[in-house]
Amino acid sequence: MPEAFDIVIIGAGPGGYATALRAAELGRSVALVERDATLGGTCLNRGCIPSKALLDAAHAIDGARRAAGCGVGVRFEGIDYGALREHRRRAVGTMVQGLAALVAHRGITVFRGEAALAADRTVHVAPSPGLGAVERYVRAEVAEPAGPGVDLTAGDVVLATGSRPRPLPGEPFRGALIDSTQALEQDVFPASAVIVGSGAVALEFASLWNRAGCRTTLLIRRDRVLSGWDRRTAAALTRELRRAGVEIVTRSHVVAVETGENLGANVRYTRDGDEAEHTASAQLVLAAVGRDPVTDAGWIRDAGVEVDDRGFVAVDAFGRTSAPGVWAVGDITAGHALAHRAFGQGIVVAESIAGLAPRPVDEASVPRIVFSLPQAAAVGLTLEQARARDDVAEAHETVYPMMGNARMQMSGQAGSLTVVSGAMADRPDVELVLGVHMVAPDASDLIAEAQQLVGNRVPLSDAARLIHPHPTFSEVLGEALLKADGRPLHTR
């Protein structure tokens, strides 16, 4: 007999487990199906958490190198890779164990296995590769054999199957040509690396490996990194990475990657306006050109779920798919592929299923962050995006000179801050904060305040009157808002 639940969720990454936690909190019986040995998906196990644990090392190295300028006698003498590896594993293990305990505490039943959805909303769970039986977890990390297959029924099914690294066209991952998961698993940092890509993953590894002494070359297709971001922000981060020693090859296009056993790799590429073919050689080549949604299993379409030509599941603002009673969250839906966006989607789906009336996730108020050195962060619209929208009556941008901030000067780093403000067509007499874009040492934390301003449509005059503590990095936002409001204090 099938086991019955109110909700069955396929995939236990941020979108899946957020849906499960909120649904259980609302009194629903929930089954969470995950093929991997641990909960958390890419973010906890192979992405956000382990990469930031390694970036701790980059920050420590950077601090040691700048210490002499502060009168502190500290030298960077190398990396204990065993200790660093243990730091990464400990960070991941702590988060994964905490999540498993929370899921069990909420009464969520976890099945470890491969899920397939039928048209009648029955979910068949087969053993994960390497297992002879499906595992059931009622208590945290305590497996109970559940047989060679389990059928689950539910009134609602949520798809949260996540994404995988995208290979270079015609160049599968192999040997020295690696993806981000393999990059995180390296026992030691490479002596030299070529990174193909200009997004968050590429820039974080460029910062990490460069600070550790790796000769790092970044091949990008445009004239700056983060080409989809605000131009000034992208240009500032490009400049800072170069200043730190990263070689950035702009307007480049990979032709082929040649790998050999224990011989590293050669990347052949061309550049716009240059007919010659060039070669970059390195111990490792990291392809970081994006991620693809994991929606290629035949059962998804067979269940009546519409998938577009890029592999994204078509959903409405609340996560409903084309199949009745089937929902989708996270990287398999078009939009920002970010864990915190998936958290928000999961809450919206759980509350919608429960009959509440949640507000859908607003893509424009989802903060984007790159944990490079320095960090980059953005929320809301760029000036070009604002001016292209029919619902924006007028838009302006204000640039704040970051080096006017005392903490920025002390940090030894440069940065950038742009505030986009303007009036909406439905409120033409009120100027709002429409977007904030920055490069700064603590941009990942500073952007949270900007998100509140953008997401809640706070009038610029109200935002500008709030006082920021002195001397802090946060003052740059306060000063920029004052300048945007026509009342600059420490700048012209």
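On a predicted model such as this, the values are computed, not experimentally measured, just so you know.

Right, let's get into the overall build of the protein. A count of helices and strands for the protein gives 14 helices and 24 strands. For 492 residues, the compact-globule estimate of 2.2 N^0.38 gives 23 Å, and the protein sits close to it at 24 Å. If you line up the protein on its principal axes, its C-alpha atoms span 70 × 65 × 50 Å. Here the protein holds 492 residues, and 51% of them are scored as buried. Counting contacts in the protein only where the partners sit at least 6 residues apart, residues at least 24 apart contribute 61% of the total. Considering the protein, the positive charge centre built from 49 side chains and the negative charge centre built from 58 side chains are found 4 Å apart.

Looking at where Arg-136 falls in the secondary structure, it is placed in strand β6 (residues 135–137). Residue class for Arg-136 comes out buried when judged on its relative accessible area of 18%. Among the polar contacts made by the side chain of Arg-136, one reaches the side chain of Glu-3 at a distance of 2.3 Å. Discounting residues that sit within four places of it in the chain, Arg-136 has contacts with Glu-3, Thr-109, Val-110, Phe-111, Val-142, Ala-143, Glu-144, Pro-145 and Ala-146.

What the 3 strands build is an open sheet, ordered β14-β15-β16; its pairing is antiparallel. Of all strands in the sheet, those bounded by a partner on one side alone are β14 (252–259) and β16 (274–282). Taking each pair of neighbouring strands and ignoring which way they run, the sheet shows an average axis angle of 20°.

What follows is about the packing of aromatic side chains. Each aromatic ring pair is described using two quantities: the centre-to-centre distance and the angle formed by the ring planes. The tally for this structure, following the rule as stated, stands at 4 aromatic pairs. Measuring from ring centre to ring centre gives 5.8 Å for Tyr-17 and Phe-343, while their planes differ by 50°; the resulting arrangement is tilted. Note that Tyr-17 is positioned in helix α1 (residues 14–25) and Phe-343 in helix α9 (residues 339–353), a separation of 326 residues in sequence.

Contact geometry for helix α12 (residues 443–455) and helix α14 (residues 475–484): axes closest at 9 Å, N-to-C directions at 35°. Here Leu-446, Glu-449, Ala-450 and Leu-453 of α12 lie close against α14, whose contacting residues are Val-476, Leu-477 and Leu-481. Of the residues assigned to the contact of α12 with α14, the class counts are 6 nonpolar, no polar and 1 charged.

Let us look at the pairing of strand β17 (residues 284–287). Here β17 shows a buried face lined by Leu-284 and Leu-286 and a second buried face lined by Val-285 and Ala-287. Where strand β10 (residues 177–178) meets β17, 2 bridges bridge the pair, whose relative direction is parallel. Each residue of the ladder has a partner; that of Ile-178, found in β17, is Leu-286. Where strand β11 (residues 192–196) meets β17, 4 bridges bridge the pair, whose relative direction is parallel. When the bridges of β17 are listed, Val-194 appears paired with Val-285.

A separate point is unusual backbone geometry. Looking along the chain, the bond that leaves Leu-373 and enters Pro-374 is cis, with omega of -5°. Structurally, Pro-374 is set in the loop between β20 (368–370) and β21 (375–380). The residue after His-470, namely Pro-471, is reached through a cis peptide bond having omega -5°. Relative to the helices and strands, Pro-471 resides in the loop between α13 (460–464) and α14.

Another aspect to go through is the nonpolar core. Ranked by internal contacts, the top residues of the largest apolar core, which has 54 residues, are Trp-209, Leu-218 and Leu-226. When residues in this core are grouped by element, the largest group, 6 residues, is from helix α6 (residues 200–211). If near-sequence neighbours (up to four positions away) are discounted, Trp-209 is found in contact with Ala-183, Phe-189, Pro-190, Ala-193, Ile-195, Cys-214, Thr-216 and Leu-286.

Let us look at the pairing of strand β12 (residues 215–219). Of all 5 residues that make up β12, 4 are buried, and the element is covered over most of its length. Bridge count between β11 and β12: 5 bridges; the pairing is parallel. What sits directly across from Val-194, in β12, is Thr-217. Taking the sense of rotation as the criterion, the β-α-β connection linking β11, α6 and β12 turns out right-handed. Handedness of the β12-helix α7 (residues 231–243)-strand β13 (residues 247–249) crossover: right-handed.

Okay, the UniProt feature "domain: Pyridine nucleotide-disulphide oxidoreductase dimerisation" (unreviewed entry) in the protein next. Mapped onto the present numbering, the UniProt feature "domain: Pyridine nucleotide-disulphide oxidoreductase dimerisation" (unreviewed entry) falls on residues 366–480. In residues 366–480, the share of helix is 31% and the share of strand is 36%. The end C-alpha atoms are 21 Å apart.

Counted at 1.5 Å a residue, the expected span for helix α4 (residues 81–105) with its 25 residues is 36 Å, and the 36 Å between its end C-alpha atoms agrees. Within α4, burial applies to Leu-84, Arg-88, Val-92, Val-96, Leu-99, Ala-100 and Val-103. Elements that come into contact with the buried residues of α4 comprise α1, α2 (41–46), α3 (48–66), β3 (109–112) and α5 (180–184). By the N-cap criterion, in which a side-chain oxygen at the helix start approaches the backbone nitrogen of a residue two or three places on, α4 is capped by Asp-80, the distance to Gly-82 being 3.2 Å.

Definitions and limits used
- Residues numbered from 1 in each chain as written.
- Predicted model: local features only at pLDDT ≥ 70, side-chain atom pairs only at ≥ 80, totals over all residues.
- Heavy atoms only, no water.
- Helix = DSSP H or I, 4+ residues; strand = E, 2+ residues; numbered from the N terminus.
- Rg over C-alpha atoms; globule rule 2.2 N^0.38 Å.
- Buried < 20%, exposed > 50% of the residue type's maximum accessible area, 1.4 Å probe, protein only.
- Contact = heavy atoms within 4.5 Å.
- Lys, Arg positive; Asp, Glu negative; His and termini not counted.
- Charge placed at Lys NZ, Arg CZ, Asp CG, Glu CD.
- Polar contact = N/O pair within 3.5 Å; in protein donor to acceptor, adjacent residues only side chain to side chain.
- Pairing = 2+ DSSP bridges.
- Axes fitted to C-alpha atoms, helices over the stretch in contact; angles between N-to-C directions.
- Phe/Tyr/Trp six-rings, centres within 6.5 Å; stacked < 30°, edge-to-face > 60°.
- Nonpolar A, V, L, I, M, F, W, Y, C, P; charged D, E, K, R; others polar.
- Core = buried A, V, L, I, M, F, W, Y, C linked by side-chain atoms within 4.5 Å.
- Right-handed = clockwise from strand over helix to strand, strands pointing away.
- UniProt positions renumbered as here; feature names shortened; annotations may be inferred.
- Expected span 1.5 Å × (residues − 1).

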